[in-house]
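Coordinate inspection notes
Here is how the chains run, residue by residue.
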Amino acid sequence: MSVVGVDFGTLNTVIAVARNRGVDVITNEVSNRATPSLVGFGPKARYLGETAKTQEISNLKNTVSCLKRLAGRSLKDPDVQIEQQYVSAALVECGAQVGAEISYLGKKEKFSATELVAMFLSKVKQTAQAELRLPVSDIVMSVPAWFTDVQRRSLMDAAEIAGLKMLRLMNDTTAAALGWGITKLDLPGPEEKPRRVAIIDIGHSDYTCSIIDFKKGELAVKATACDRHFGGRDFNLALVKHFEKEFKARFKIDITTNPKAMVRVETSCEKLKKILSANQQAPLNIESLMNDVDVNGMITRQEFEALIEPMLHRVTAPIEQALAEAKLAKEDIDVIELVGGCTRVPALKDRIQEYFGKQLSFTMNQDEAIARGCAFSCAILSPVFKVRDFAVQDICSYPIEFSWEKDQDIPDEDTSLTVFQKGNVLPSTKILTFYRKQAFDLEARYAKPELLPGKVQPFIGRFSVKGVKADPKTEFMICKLKARVNIHGVLNVESGYYVEDQEVEEEVKDEEGDKKDPEAMETDGEKKDPKTKTRKVKKQVRKGDLPIVAGVTSLDQPALAAAAEKENSMAMEDKLVADTEEKKNELEAYIYEMRNKLDEQYAELANDDEKDKIRAKLTETEDWLYEDGEDATKAIYVAKIDEIRAMAGPIAQRHFDKVEAERQAVQAKLDA
Ligand code: ATP
Ligand code: K
Ligand code: MG
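Keep in mind the model is a prediction, meaning the values are calculated, not measured.

**What about the coordination of the potassium ion (ligand 2)?**
- Binding of the potassium ion (ligand 2) to the protein goes through Asp 7 (OD) and Asn 12 (O), at separations of 3.0 to 3.1 Å.
- Between the potassium ion (ligand 2) and the magnesium ion (ligand 3), a spacing of 4.0 Å is present.

**Concerning the packing of aromatic side chains**
- This model, assessed by the stated rule, comprises 17 aromatic pairs.
- The rings of Tyr 207, Phe 230, Phe 235 and Phe 304 are connected pair by pair, giving a single aromatic cluster.
- In this arrangement the basic side chain of Lys 184 is found over the ring face of Trp 180, its NZ or CZ atom lying 4.3 Å from the centre.

**Quick notes on the packing of helix H5 (residues 149-161) against helix H14 (residues 557-599)**
- Where H5 contacts H14, the two axes come as close as 8 Å, and the packing angle between them is 50°. The angle between the axes of H5 and H14 places the two elements in the oblique class. Our pair here, H5 against H14, has a crossing hand that is right-handed. Contact with H5, carried on its side by Asp 157, Glu 160 and Ile 161, involves Gln 557, Leu 560, Ala 563, Ala 564 and Glu 567 of H14 and no other residues of that element.
- Within the contact of H5 with H14, the residues separate by chemical class into four nonpolar, one polar and three charged.

**Some words on the side chain of Asp 79**
- Checked against the element boundaries, Asp 79 lands in helix H3 (residues 78-84).
- Judged by relative accessible area, which is 6%, Asp 79 ranks as buried.
- Only 3.1 Å separates the side chain of Asp 79 from the side chain of His 229, close enough to count as a polar contact.

**A look at the pairing of strand S9 (residues 97-104)**
- S9 sits mainly inside the fold: six of its eight residues count as buried.
- With five bridges joining them, strand S8 (residues 90-94) and S9 adopt antiparallel strand pairing. Of the residues in S9, the one forming a bridge with Val 92 is Gly 99.
- Here S8 folds back onto S9, and the loop between the two strands holds two residues, one of which, Gly 95, carries a positive phi near 70°.
- Examined bridge by bridge, S9 and strand S10 (residues 107-112) share six bridges and lie antiparallel to one another. Across the sheet, residue Ser 103 finds its bridge partner in S10, namely Lys 108.
- As consecutive antiparallel partners, S9 and S10 are separated by two residues, and within that stretch Leu 105 has a phi angle of approximately 55°, a positive value.

**Some points on unusual backbone geometry**
- Note that the residue after Leu 426, namely Pro 427, is joined by a cis bond; omega there is 0°.
- Locating Pro 427 in the fold gives a position in the loop between strand S22 (425-426) and strand S23 (428-436).
- One non-glycine residue, Lys 252, adopts positive backbone phi at about 55°.
- The topology assignment puts Lys 252 in the loop between helix H7 (232-251) and helix H8 (259-278).
- Positive phi outside glycine occurs at Asn 291, with the angle close to 50°.
- Mapped onto the elements, Asn 291 comes out in the loop between strand S16 (281-290) and strand S17 (293-300).
- Residue Asn 291 is classed as exposed on the basis of its relative accessible area, which comes to 59%.

**Considerations on the packing of helix H11 (residues 317-326) against helix H12 (residues 346-356)**
- Their axes nearest at 11 Å, the elements H11 and H12 cross at an angle of 35°. The element H11 and its partner H12 pack so that their crossing is right-handed. Contacts between H11 and H12 pair Ile 319, Glu 320 and Leu 323 from the former with Ile 352, Tyr 355 and Phe 356 from the latter.
- Tallied by class, the residues present in the contact of H11 with H12 amount to five nonpolar, no polar and one charged.

**Topic: the pattern of salt bridges**
- Under the counting rule described, the total for this entry stands at 45 salt bridges.
- For Arg 542, the salt bridge is made with Asp 545, and the minimal N-O distance between the two is 3.2 Å.
- Overall, Arg 542 belongs to the partly exposed group, its relative accessible area being 31%.
- We classify Asp 545 as exposed; its relative accessible area is 57%.
- In this structure, the salt-bridge partner of Asp 612 is Arg 615, at a minimum N-O distance of 3.9 Å. With Asp 612 and Arg 615 both in helix H15 (residues 608-626), this residue pair falls three residues apart, about one helical turn.
- Looking at Asp 612, the relative accessible area reads 45%, which means it is partly exposed.
- When salt bridges with common partners are traced through the structure, they connect Arg 73, Asp 77, Asp 79 and Arg 228 into a single cluster.

The rules we used
Residues numbered from 1 in each chain as written. Chains lettered and ligands numbered in written order. Predicted model: local features only at pLDDT ≥ 70, side-chain atom pairs only at ≥ 80, totals over all residues. Heavy atoms only, no water. Donors = N, O, S within 2.8 Å, 3.2 Å for Na, K, Ca; no water. Phe/Tyr/Trp six-rings, centres within 6.5 Å; stacked < 30°, edge-to-face > 60°. Lys NZ or Arg CZ within 6 Å of the ring centre and 35° of its normal. Axes fitted to C-alpha atoms, helices over the stretch in contact; angles between N-to-C directions. Helix = DSSP H or I, 4+ residues; strand = E, 2+ residues; numbered from the N terminus. Parallel < 35°, antiparallel > 145°, perpendicular 65-115°, else oblique. Left-handed = near helix turned anticlockwise from the far one by under 90°. Contact = heavy atoms within 4.5 Å. Nonpolar A, V, L, I, M, F, W, Y, C, P; charged D, E, K, R; others polar. Buried < 20%, exposed > 50% of the residue type's maximum accessible area, 1.4 Å probe, protein only. Polar contact = N/O pair within 3.5 Å; in protein donor to acceptor, adjacent residues only side chain to side chain. Pairing = 2+ DSSP bridges. Salt bridge = Lys/Arg side-chain N within 4 Å of Asp/Glu carboxyl O.

Structure, rendered in structure tokens:
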């Protein structure tokens, strides 16, 4: 079984695997260590990852980027309107979610964000399988800390559709933190003051700062703050806008009227931005950008920094917020670790360093730290892998409240309660107690919608508690519900049961119990050893289960199964198209190879008549290939190869016999 970590980035996705010797980042089919997070559609197949990137400029309307930022969002969300600035395909409504409308197999089609992510993840799965030569199922994937329940569920659904089992959705900075901590041998012991690390991730689209306490074998996230719209793509956009004006003035062209020109300028600006990280100035040259106009330009680092000043101004905000929430001062931070591609921008580094008044650390690979952390997490969670355990405690990003209808007979009952505060440890289970006579519903929602990204719905789920009957003695049933924010940061009411107040015998030494876990305060009424000292206490004894019907934002099982089947058939279609293309190329190569052989190693082994016949066949096949055979099936290409092979068979046999005779002659000489 394989152990895989995936940093699913807005721009690039990095895959790391745990092997016996440690964690490695793997390369994709074109030997890159990061794969473009893109999905494209064509007349015959989909383009996933690298091929989507290759086709992008000529296929803008059918290429979807920023996949993860669309997951679980709705079209009307102002955040999604911002995404449309960066996504070249048209974003549309697709059920309750945003999706993209593209042309695929010659037809207009809509795919939801969940389906689009699933397509990309199935490519991730293939890439990992090709490298590992093993089936891949278990993964840990990174996610921005600011993702809400509905966004996380969308990613979980996508993984399932792609045939992957998500062992943990892990916040980006937490994953990086795990990678940082697990290799440190000098972390403070349990009684010592923890090592306090600020982990800062600035990627293509967003910026996160977490304050994390490390001790031997464990990390605990103390606070996390984000700027959802702060990353490399915003810097690219600032440069594009700059050149847009310059080109208007100098070259009289308006690139905003030409999507292809916009993308080409953006690509050049991204390169230019990277050059500026190491140089004081950088040039830009694009041939025939539009209207046959060649453009050129030059920008200095100082000019670039002036362009991004409004953003640089915001650079300490997430750090200040995280410190405030952790109730720490910047002086309390021992180490400041930076990850994410955008932290290479010198002005950003300078501002952050100035703020802390302390040297920054870049001890992790900025592009690979998060994927590596995810692979470590997967190794820890996977039953088949032995790795030093390292406990990871994260926190809830937003407060969660439950609400319910008032029961007429319970006068003072509140109708809502914030059960998980912002900053509550995660994972975490809480037991909710209700006194009820009949089935009832409760609803979970984010308590402070104003904290949520864009217009994400605060609704998380509705849970119907069944099987509730009044107890004849007390006139109500004591219902206990287990609410859990799980390892993925997703909320569920996992189970329910009812209890009765009873006097029970209890061991005296049990008195202290585990007060932290409310379940430990209840017993199932099991028999006690008669020799131990006991006393009578009033306890709630579990009597039976209460079934719960959950209405959450995940896809239901039939929808997931249908989506998985659809994904599978599209993947098979893609494979068939790829195999067909491969056979076509093989036929073409075989024609050239056979021509050469007839002139060289076969020249003396066949008479002119034989050779002419085969040559005629080769020419005929070649002509066919460039005309009628342009778009044939895999079977036909294979048949054409076989036809030629059959004609050339006798000559190949003679060649083989000749080579074999020579070999034997050499051997005989050696033996003599
Ligand atoms: P996100 O974390 O926002 O979802 P991501 O994980 O795909 O996105 P990263 O791979 O961390 O993002 O970073 C990519 C960004 O870093 C791009 O905008 C890229 O241009 C920028 N970047 C990479 N190298 C450099 C460099 N040398 N100088 C400046 N920027 C760089
Ligand atoms: K990345
Ligand atoms: Mg990232």
